[in-house]
Amino acid sequence: MKQTKKIVALIMGLTLFTGSLFAGGSQQNSGQSSGKKVLTIASQDPQVPLDMQLNTYSLISRITDSTSETLLYGTADGGIKPLLLTGMPTASADGLTFSFELKKGVTFHNGAPLTSKDVKYSYERLIKKIKMASLLEQVAGYQAFADGKAADLSGFKIIDDLHFSITLSETYTPFVSVLSTAYCAIYPAEACEAAGDEWGLSVLYGTGPFKFVRYVMGEEAVIEKYPAYHGSPAKIDEIVYKFIPSANTQVLEYEKGNVDIVYLDTTLYPTYANGPLKGEIQDYPRVGGWFMSMNVKKIADVRIRQAISLSIDREAICKGIMYGTAKPATGFIPAGLIGYNDKLPVLEYNPTKAKQLLADAGYPNGYDLTVAINTRYTAGVALATAFQAQAKASGINVTINSMDSAGWTDMRSSGALVTGFGNWYVDYNDPDSMLYPVKDSRTDLSSTFWHNAEFKSLMEQGVKTSDTAARQKIYERANEILSREEYPVAMVYNEMSFYLQKPYVSGYSMGADGRFSFADTVINK
């Protein structure tokens, strides 16, 4: 019966695909086209400008990571190395001022040289666009500039075209790592300003090994080799991101040879793990995971939040939904980050204890709970459905409120979300990045509204402390408050991710931040 349903689903997906994907589109054959080496990647359409300063979707960075660069980049082992700099920035004796030297001869894709002015413009633009502005809130003059009371960011001093310094208002240990995130991409000041709202839609210039060609929503995004790249030139001529909404259809197109790489939806992993494609499945760890967030204004009693956490059977979810590709969480901070405590057990599943907590909180006859999910993420839908069934044992009656990305964003930003399943992965290899969604300055923007004086103080101490052992203790305590005392979030699991890669494709890499590099990718076909 299950197999029959699967076949019907695949046929339906194929029918939809052939009826829409190539209707009027500019179809590219994978591997080689007109003598060019072309890599074709199946992708979801971001449906927004290709600009990480406006939207934080990883779908965008998978494209722009090859076109737009940052001053530094994250390595596979969690380190940081210079990319647009001659070396690592040097810090003053008090650790507040960092000095930078740009590489000579770096040009943007429009031919303009990279200068200190472009770096300053890009960071000031990041603050103006608000979305991830707080990454730079420790830079001197941030608040005055963000509030419109200053014309520029006073902590950024241009010395000459290749040299500049950045002064912080207080010690911030992860600062250099922050500059490696995709949000801190360097754009050419004059061209970006002139493009206005077209930036990331019809115009996009970076310094990367590939340059932007076109972005057609619903069809594809295309980037091509930039011959004047400052590093080793790319080994392929073009990358086509073919937008295919259905995860099943993406794999079908891969099997037909129309795409070379598919980022595999985790729910499809068991379908292909032991089939003919087994040898073409690649995996990579992601530092982060899926969790439930809770609105503490609407669920003010911590006993109810704890009961909800106790009603999640994480072991069963990892086996039944994730097919062993995920590990049940022991807290919000996962393995690989400072603050992870390997002595902690998996977060408890205990319906009896949950029932008692609900009774103590005034709900002896059960508790009604609405869980929101963004239907764009298949894993989130499966997770909510599993929790709905599990929570019955605790007397929690779950109603699932399904919505698209726009609805999800509106509900979170308006404060209307009661609970919801979402995911988060680090942008840089530091607990400060993992805890970003629950920072005191962020929770009012995500419908959580959780504030805790001790947790806030620990977060402030953590970024001012450079000693690793001391930071470990600080973040262990922060994780304990978050995951085992206050429960504004309930982490569920930390998972592996997968992609399908044709055997003739090789030579691309990924940093600890989950960002792919195609600079050295080769097509042997």
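Worth saying up front: this structure is predicted, and the values here are computed from it rather than measured. (Residues numbered from 1 in each chain as written. Predicted model: local features only at pLDDT ≥ 70, side-chain atom pairs only at ≥ 80, totals over all residues. Heavy atoms only, no water.)

Draft legend 1. Up close: the overall build of the protein chain. The helix and strand tally for the protein chain stands at 16 helices and 23 strands. Against the globule reference of 24 Å for 525 residues, the protein chain gives a C-alpha radius of gyration of 24 Å, in line with a compact fold. For the protein chain, the spread of C-alpha atoms along the three principal axes comes to 70 × 60 × 40 Å. Here the protein chain, with 525 residues, has 53% of them falling under the buried criterion. Long-range contacts, defined here as pairs at least 24 residues apart, represent 70% of the contacts in the protein chain between residues at least 6 apart. (Helix = DSSP H or I, 4+ residues; strand = E, 2+ residues; numbered from the N terminus. Rg over C-alpha atoms; globule rule 2.2 N^0.38 Å. Buried < 20%, exposed > 50% of the residue type's maximum accessible area, 1.4 Å probe, protein only. Contact = heavy atoms within 4.5 Å.)

Draft legend 2. Examining unusual backbone geometry more closely. Even without being glycine, Ser447 reaches a positive phi, approximately 70 degrees. Backbone geometry at Phe449 places phi at a positive 60 degrees, although glycine is not the residue there. Here Phe449 shows up in the loop between helix H14 (431-434) and helix H15 (453-464).

Draft legend 3. Examining the packing of helix H9 (residues 302-310) against helix H11 (residues 351-360) more closely. Remark: H9 packs on H11, axes separated minimally by 8 Å, with the N-to-C direction vectors making an angle of 160 degrees. By the angle between their directions, the pair H9 and H11 is classed as roughly antiparallel. Every pair of crossing elements has a handedness; the one defined by H9 and H11 is left-handed. Touching Arg303, Ile304, Gln306, Ala307 and Leu310 of H9 are Pro351, Lys353, Ala354, Leu357, Leu358 and Asp360, all from H11. Considering only residue class, the contact of H9 with H11 consists of 7 nonpolar, 1 polar and 3 charged. (Axes fitted to C-alpha atoms, helices over the stretch in contact; angles between N-to-C directions. Parallel < 35°, antiparallel > 145°, perpendicular 65-115°, else oblique. Left-handed = near helix turned anticlockwise from the far one by under 90°. Nonpolar A, V, L, I, M, F, W, Y, C, P; charged D, E, K, R; others polar.)

Draft legend 4. Summary view of the pairing of strand E18 (residues 419-425). For E18, the buried fraction is high: 6 of the 7 residues fall into the buried class. Judged from the 7 bridges that link them, strand E14 (residues 288-294) and E18 form a sheet pairing that is antiparallel. Bridge pairing in E18 links Met294 to Thr419. Of the strand pairs in this sheet, strand E16 (residues 367-374) and E18 are connected by 2 bridges, and their pairing is parallel. (Pairing = 2+ DSSP bridges.)

Draft legend 5. Region of interest: the side chain of Asp260. Turning to its location among the elements, Asp260 is positioned in the loop between helix H7 (247-256) and strand E12 (261-264). Only 2.5 Å separates the side chain of Asp260 from the side chain of Tyr504, close enough to count as a polar contact. (Polar contact = N/O pair within 3.5 Å; in protein donor to acceptor, adjacent residues only side chain to side chain.)

Draft legend 6. Spotlight on helix H3 (residues 116-128). The first and last C-alpha atoms of H3 sit 18 Å apart over 13 residues, in line with the 18 Å expected at 1.5 Å per residue. The element H3 is largely enclosed, with a buried count of 11 among its 13 residues. Residues of H3 that are buried include every one of Ser116, Asp118, Val119, Lys120, Tyr121, Ser122, Tyr123, Glu124, Arg125, Leu126 and Ile127, and no others. Among the structural elements, helix H4 (142-146), strand E7 (156-158), strand E8 (163-167) and helix H6 (189-195) are those in contact with the buried residues of H3. (Expected span 1.5 Å × (residues − 1).)

Draft legend 7. Here's a closer look at the pattern of salt bridges. Scanning all chains against the criterion turns up 21 salt bridges. Close ionic contact of Glu486 with Arg305 constitutes a salt bridge, the shortest N to O distance being 3.7 Å. Of this pair, Glu486 sits in helix H16 (residues 468-486) while Arg305 sits in helix H9, and the two are 181 residues apart along the sequence. Taking relative accessible area as the criterion, Arg305 reaches 3% and is therefore assigned buried. Connected through salt bridges with shared partners, the residues Glu454, Arg477, Glu480 and Glu485 form a single ionic network. (Salt bridge = Lys/Arg side-chain N within 4 Å of Asp/Glu carboxyl O.)

Draft legend 8. Focus on the pairing of strand E10 (residues 220-225). Here strand E9 (residues 210-216) runs beside E10; their pairing, made up of 6 bridges, is antiparallel. Pairing of Tyr215 across the sheet is with Ala221, part of E10. Connecting E9 to the next strand, E10, in antiparallel fashion are 3 residues, including Gly218 with a positive phi near 85 degrees. Here 5 bridges tie E10 to strand E11 (residues 238-243), and the two strands are oriented antiparallel to one another. Each bridged residue has a counterpart across the sheet, and for Glu224 the counterpart in E11 is Glu238.

Draft legend 9. Representation of the nonpolar core. Counting residues in each nonpolar core, the largest one holds 100 residues, and the members touching the most others are Leu71, Tyr123, Phe175 and Phe518. When neighbours within four sequence positions are excluded, Tyr123 is seen to be in contact with Leu71, Leu136, Phe156, Ile166, Leu179, Cys184 and Ile186. (Core = buried A, V, L, I, M, F, W, Y, C linked by side-chain atoms within 4.5 Å.)

Draft legend 10. Just the sheet that holds strand E5 (residues 90-91), in detail. Read from one edge to the other, the open sheet built from 4 strands follows the order E5-E6-E8-E7, with strand pairing classed as antiparallel. A strand with exactly one partner marks an edge of an open sheet, and here the two such strands are E5 and E7. Note that strand E6 (residues 97-101) and E8 share 5 bridges and pair antiparallel. Of the residues in E8, the one forming a bridge with Glu101 is His163.

Draft legend 11. Expanded view of the packing of H15 against H16. The interhelical angle for the contact between H15 and H16, taken along N-to-C directions, is 155 degrees, at an axis separation of 9 Å. Classified by the angle between their axes, H15 and H16 sit roughly antiparallel to one another. Relative to H16, H15 is oriented so that their crossing is left-handed. Only Arg471, Ile474, Tyr475, Arg477, Ala478, Ile481 and Leu482 of H16 make contact with H15, whose side of the interface consists of Glu454, Phe455, Leu458, Met459, Gln461, Gly462 and Val463. Across the contact of H15 with H16, the residue classes tally to 9 nonpolar, 2 polar and 3 charged.

Draft legend 12. Up close: the environment of Asn341. You can see Asn341 is positioned in the loop between strand E15 (326-328) and H11. Counting along the chain gives 135 residues from Asn341 to Glu476, while the straight-line C-alpha distance between them is 6.5 Å. Looking at Asn341, its side chain comes within polar contact range of the main-chain nitrogen of Lys343, at 2.9 Å.

Everything listed here is a matter of coordinates, which is why it stays silent on function.
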